[in-house]
Amino acid sequence: MHRLFRSKPLSMAARNIQLGEPEKRFIASLPRREYGSGAPVFHEGDPGTELMLVVRGRVQLTRRTAAGEDLALGLVGVGGVIGELAALTDAPRTATARAVGDVRVAVLERRALLEAMATRDPVARALLRACAQVVVHRLRRTRDLVSALRAEREGASPEQVDQLLMRAVTREEGLLIDYLHQWMPAE
Amino acid sequence: MNLVSLLARCPPFTDLPLRAVADLSRVVELQALETGERLFWLNDPSERFHLLASGALQLVDASRNLIGTVEPGGFLGVTAPLLPATHTIGAVAVEPSRVLGLGRAQLGRLWEQVPPAAALVEIALAGWVARDLGRAGDELMGLCDQPLRTVRHPALRAILRAVE
């Protein structure tokens, strides 16, 4: 049963985000930060001014429920973006991010991204679009999970929940993620 | 019709500098709909942000049930210019209506003409989506007020508990 809902491998390269040599150089120039296995990258509620690209390892995103459990929001691998809301809003971190194994991230300050956009840097445009798409993807996936869980709580049949859940797990992840993964230098 | 004023009052854009709103007003497209004409239908590509300038729209689901109405100033499709998808509902004009549209092509034109304005518009749209993401996340947390082991559907339970 669970195999049915395993996220499908990304089936498409980045149609909407074209990353060339300038973008690759920009990302390669970003400062790196490392986290040991289990170490928090940031906590839910922390102020956030940085977005991060995962260049090694995986990062688990969670929120703490009223029952004191960690609700899984996603597992972000190499090429993935975390903290993307920091690029878009002044809101505090909406989830806790924790390293699964050893993790290295490339860090981009919001101020630096906005300054790059002010100078009409095309790399900034690509990154902004990537952040926006990640947020949209997560909104759609969260709404799908809400629909599935609400239906389950209201007594829907397993088949009805299957249908709702299928939408959540077959949504394409951010297109940037797949694309970056193809060329991100091994770190 | 004062497009700048209409756009400036639209909630996702209320914090934009007026100059950026003016730049935006020059790329949006105005569409006129007759009574009964569809703005979009189920399974149509969802690629545009729509702002109703005048008239009225009804929103229907796959079973043709009325699920909402849109009045002047109302808007739909905030995510569409950022990450296109497929419509899961339909929108029909119930009287002669005019709708402003902002799609990826129009956003692309704005990037070419005035990149700083395009960046601000894209940030404004994404910021609105982020607000909706916050609400959806809170709704999900509200549904998780009981221990996750009480979720009966095994795959759903596994997804919600998939903490490594």
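Residues numbered from 1 in each chain as written. Chains lettered and ligands numbered in written order. Predicted model: local features only at pLDDT ≥ 70, side-chain atom pairs only at ≥ 80, totals over all residues. Heavy atoms only, no water.

**Things to note about the overall build of chain B**
What chain B contains, in helices and strands, is five helices and eight strands. Mapped from its N terminus to its C terminus, chain B presents α and β elements in the order α-α-β-β-β-β-β-β-β-β-α-α-α. When the backbone C-alpha atoms are referred to their principal axes, chain B occupies close to 55 × 40 × 25 Å. Taking contacts inside chain B between residues at least 6 apart in sequence as the whole, the part at least 24 apart equals 69%. Counting only carbon and sulfur atoms, one obtains 49% of the accessible surface of chain B, whose full area is about 7500 Å². For chain B, the centre of its 15 positive side-chain charges and the centre of its 17 negative side-chain charges are spaced 4 Å apart. (Helix = DSSP H or I, 4+ residues; strand = E, 2+ residues; numbered from the N terminus. Contact = heavy atoms within 4.5 Å. Areas by Shrake-Rupley, 256 points an atom, 1.4 Å probe, with all protein chains shown as cover. Lys, Arg positive; Asp, Glu negative; His and termini not counted. Charge placed at Lys NZ, Arg CZ, Asp CG, Glu CD.)

**Description of the environment of A86 of chain A**
All names here are of chain A. With respect to the element layout, A86 can be found in helix α2 (residues 85-88). Considered as a pair, A86 and P158 are 72 residues apart in the sequence and their alpha carbons are 38 Å apart. With near-sequence residues (within four places) excluded, A86 lies in contact with G48, T49, E50, L51, R93 and R110.

**Some points on the packing of helix α4 (residues 122-153) of chain A against helix α3 (residues 104-113) of chain B**
Orientation of α4 of chain A relative to α3 of chain B, taken along the N-to-C sense of each, is 150 degrees, at an axis distance of 13 Å. Compared by their axis directions, α4 of chain A and α3 of chain B come out roughly antiparallel. In this structure, α4 of chain A crosses over α3 of chain B, and the sense of that crossing is right-handed. On α3 of chain B, the residues that touch R125, L128, R129 and Q133 of chain A of α4 of chain A are R104, L107, G108 and W111 of chain B. For the contact of α4 of chain A with α3 of chain B, a count of residues per class yields three nonpolar, two polar and three charged. (Axes fitted to C-alpha atoms, helices over the stretch in contact; angles between N-to-C directions. Parallel < 35°, antiparallel > 145°, perpendicular 65-115°, else oblique. Left-handed = near helix turned anticlockwise from the far one by under 90°. Nonpolar A, V, L, I, M, F, W, Y, C, P; charged D, E, K, R; others polar.)

**Quick look at the interface of chain A and chain B**
Counting residues at the interface gives 52 residues for chain A and 48 residues for chain B. Summed over both partners, the interface of chain A with chain B buries about 4600 Å², with 67% contributed by carbon and sulfur atoms. Here chain A and chain B share four salt bridges between them. Between R129 of chain A and E122 of chain B there is a salt bridge, with the nearest N and O atoms lying 2.4 Å from each other. (Buried area = accessible area lost by both parts, 1.4 Å probe. Salt bridge = Lys/Arg side-chain N within 4 Å of Asp/Glu carboxyl O.)

**Comments concerning the pattern of salt bridges**
Residue and element names in this part refer to chain A. One pass over the structure, following the stated rule, counts 14 salt bridges over all chains. Its salt-bridge partner being E34, residue R104 comes within 2.5 Å of it at the nearest N-O pair. Here E34 lies in strand β1 (residues 32-35) and R104 lies in strand β6 (residues 96-109), a separation of 70 residues in the sequence. The class for E34 is partly exposed, based on a relative accessible area of 47%. As a salt-bridge pair, R64 and D70 come within 2.8 Å of each other at their nearest N and O atoms. For D70, a relative accessible area of 31% gives the class partly exposed. Members of the salt-bridge network, linked through shared partners, are E34, R56 and R104. (Buried < 20%, exposed > 50% of the residue type's maximum accessible area, 1.4 Å probe, protein only.)

**Details of the pairing of strand β4 (residues 48-60) of chain B**
All names here are of chain B. Burial of β4 is extensive: ten of the 13 residues sit out of reach of the surface. For β4 and strand β8 (residues 90-103), the ladder comprises eleven bridges, and the chain directions are antiparallel. Counted as the bridge partner of L51 is L100 from β8. Taken together, the two bridges between β4 and strand β6 (residues 75-76) define a ladder with antiparallel strand orientation. Opposite L51, over in β6, you have F75 as the bridge partner. For β4 and strand β5 (residues 66-70), the ladder comprises four bridges, and the chain directions are antiparallel. (Pairing = 2+ DSSP bridges.)

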